[in-house]
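Architecture at a glance
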Amino acid sequence: MGALYLRGQLHDAEPLLETEASLCHEVGDRFGEQRALGNLANFHLLQGRPTQALAYAQKQLTICDEIDAPVGVAYAQRTMGEAHLRLNNLDQAVEPLRSSLAWYQKCGDDLGQGDVLRILGEISIATGRLQEAKQQLGQSVERAQTSKHAAAEALALSLLARTWRLSGSAKQAMRVAEQALGITAHMRDSTGWSLAWGEYVEAKEAIHKTTQSRR
């Protein structure tokens, strides 16, 4: 699916993944089936369809529990957590994400940890726990840097900028957003660049309003 995403052909992934899941089921390849289901869940998240993503992730989790595949369990729990976030089921999002994070920490997967910490940080923002969000997103940035994943770093930085802005520190928000923009300068069609640019504009506007109010 990654290759199709990079070529801008993500829409072609769904039938291929559905076929893969079906074939794996027919031949009894349970590990291959859960992997295809996990990719389908992620596909639907990327397409803005969290309900469908949640359904596929739950199927993946069921199989992984049956065959004792902890890597698949962690991936499914991460996807379920983000799907619940997108559906605004915040209370239901936290538990699977914490379980997923614990596994990634146990096996030393920096990219997986950073991904889950970013989602947890977004939940903390949504629930007004801004100090906790800063800690989670700061850790997410560090994990992305360790794993040398620029896109993940930019997403976490953009959300960290939002946290600073909502905390009333627009100048710090702008500085962090500028970091994210620097990372995504060559990825202007990406979600990371769009999010970073949006936070930069919001921070700039907040600074302008503060300056105007002091005159």
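Located above this text is the structure these notes cover.
Below is a summary of the structure that appears in this document. (Residues numbered from 1 in each chain as written. Predicted model: local features only at pLDDT ≥ 70, side-chain atom pairs only at ≥ 80, totals over all residues. Heavy atoms only, no water.)

Summarising the element assignment, Tyr75 is placed in helix H5 (residues 70–86). You can call Tyr75 partly exposed: its relative accessible area is 26%. Taking the C-alpha atoms as reference points, Tyr75 and Asn89, 14 residues apart in sequence, are found 19 Å from one another. With near-sequence residues (within four places) excluded, Tyr75 lies in contact with Gly38, Asn39, Asn42, Gln60 and Tyr104. (Helix = DSSP H or I, 4+ residues; strand = E, 2+ residues; numbered from the N terminus. Buried < 20%, exposed > 50% of the residue type's maximum accessible area, 1.4 Å probe, protein only. Contact = heavy atoms within 4.5 Å.)

Attention shifts here to the packing of aromatic side chains. Inspection of the entire model under this criterion finds three aromatic pairs. Between Trp103 and Tyr104, the aromatic rings sit 5.5 Å apart at their centres with planes inclined by 70°, giving edge-to-face as the arrangement. Taking the centre distance of 5.5 Å and the plane angle of 20° together, the rings of Trp197 and Tyr200 count as stacked. Highlighted residues: Trp197 and Tyr200, both in helix H11 (residues 191–213), separated by three residues, approximately one helical turn. Overall, Trp197 belongs to the partly exposed group, its relative accessible area being 40%. By relative accessible area, Tyr200 is classed as buried at 17%. Put simply, the rings of Trp193, Trp197 and Tyr200 pair up and form one aromatic cluster. Positioned above the aromatic ring of Trp164 is the side chain of Lys134, whose terminal nitrogen or guanidinium carbon lies 3.9 Å from the ring centre. (Phe/Tyr/Trp six-rings, centres within 6.5 Å; stacked < 30°, edge-to-face > 60°. Lys NZ or Arg CZ within 6 Å of the ring centre and 35° of its normal.)

Along the chain, the position of Glu153 falls in helix H9 (residues 150–166). Despite its burial, Glu153 pairs with no opposite charge; the closest candidate is Lys148, at 10.0 Å N-O. Side-chain polar atoms of Glu153 contact the side chain of Gln145, separated by 3.0 Å. If sequence neighbours within four positions are ignored, Glu153 has contacts with Val141, Ala144, Gln145 and Ile183. (Lys, Arg positive; Asp, Glu negative; His and termini not counted. Salt bridge = Lys/Arg side-chain N within 4 Å of Asp/Glu carboxyl O. Polar contact = N/O pair within 3.5 Å; in protein donor to acceptor, adjacent residues only side chain to side chain.)

Attention shifts here to the packing of H5 against helix H7 (residues 110–126). With their axes 10 Å apart at the nearest point, H5 and H7 run at an angle of 25° to one another. By the angle between their axes, H5 is roughly parallel relative to H7. Read as a crossing pair, H5 and H7 show a hand that is left-handed. Residue-level contacts link Arg78, Glu82, Leu85 and Arg86 of H5 to Asp115, Val116, Arg118, Ile119, Glu122 and Ile123 of H7. Class assignment of the residues belonging to the contact of H5 with H7 gives a composition of four nonpolar, no polar and six charged. (Axes fitted to C-alpha atoms, helices over the stretch in contact; angles between N-to-C directions. Parallel < 35°, antiparallel > 145°, perpendicular 65-115°, else oblique. Left-handed = near helix turned anticlockwise from the far one by under 90°. Nonpolar A, V, L, I, M, F, W, Y, C, P; charged D, E, K, R; others polar.)

Before going further, it helps to spend a moment on a nonpolar patch on the surface. Judged by side-chain polarity, Phe31, Ile67 and Val71 come together as a nonpolar surface patch covering roughly 220 Å² of accessible area. Along the chain, Val71 falls in helix H5. (Patch = residues over 30% accessible without salt bridge, like charges linked within 9 Å, V, L, I, M, F, W, Y side chains within 5 Å. Areas by Shrake-Rupley, 256 points an atom, 1.4 Å probe, with all protein chains shown as cover.)

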